[in-house]
Amino acid sequence: GSGYRIDAVVEVNGKTIGIEVDGPSHFIGRSKSPTGSTILKRRQVPSIDGTELVSVPYLDWIKLRNDKKKKQEYLRKLLGLKSD
């Protein structure tokens, strides 16, 4: 394997997808620009492990507040699943 740790791994329609929760340390300063190590991980995991990676940037997640329905909808969309 690539040696990277992935925050969560799910199987969607027979496909393995890694979910990365990207906190502040994954971005340059307070920008939305990912750090070099985050970019490298996003490239290497799919090419070495064959696992698609999706990212949940902390700024996006915070905007959803404590709305469980919105958070579920966000994740479903990210994973390419239809809405309820």
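1. Looking at the sheet that holds strand S2 (residues 15–22)
Here we have 3 strands laid out as an open sheet, ordered S1-S2-S3, and mixed in their pairing. This sheet does not close on itself; its edge strands, each paired only once, are strand S1 (8–12) and strand S3 (52–57). Recorded for the sheet is a direction-independent mean angle of 30 degrees between the axes of neighbouring strands. Examined bridge by bridge, S2 and S3 share 6 bridges and lie parallel to one another. From the neighbouring strand, Glu 20 faces S3, where its bridge partner is Ser 55. Along the sheet face, helix H1 (residues 36–49) touches S2 and S3 and points at about 150 degrees away from the line of S3.

2. Some points on the environment of Ile 48
Within the fold, Ile 48 resides in helix H1. With 35 residues separating them along the chain, Ile 48 and Ser 83 place their C-alpha atoms 31 Å apart. When sequence neighbours within four positions are dropped, the list of residues in contact with Ile 48 reads Gly 1 and Ser 2.

3. Things to note about the packing of aromatic side chains
Per the stated rule, a full pass over the model turns up 2 aromatic pairs. With a centroid separation of 6.0 Å and an interplanar angle of 50 degrees, the aromatic rings of Phe 27 and Tyr 58 are classed as tilted. With Phe 27 in the loop between S2 and H1 and Tyr 58 in helix H2 (residues 58–63), this residue pair connects regions lying 31 residues apart in the sequence. Between Trp 61 and Tyr 74 the ring centres are 6.0 Å apart and the planes differ by 75 degrees, which places this aromatic pair in the edge-to-face class. With Trp 61 in helix H2 and Tyr 74 in helix H3 (residues 68–78), the pair connects residues that are 13 residues apart, well separated along the chain.

Criteria and thresholds
- Residues numbered from 1 in each chain as written.
- Predicted model: local features only at pLDDT ≥ 70, side-chain atom pairs only at ≥ 80, totals over all residues.
- Heavy atoms only, no water.
- Pairing = 2+ DSSP bridges.
- Helix = DSSP H or I, 4+ residues; strand = E, 2+ residues; numbered from the N terminus.
- Axes fitted to C-alpha atoms, helices over the stretch in contact; angles between N-to-C directions.
- Contact = heavy atoms within 4.5 Å.
- Phe/Tyr/Trp six-rings, centres within 6.5 Å; stacked < 30°, edge-to-face > 60°.

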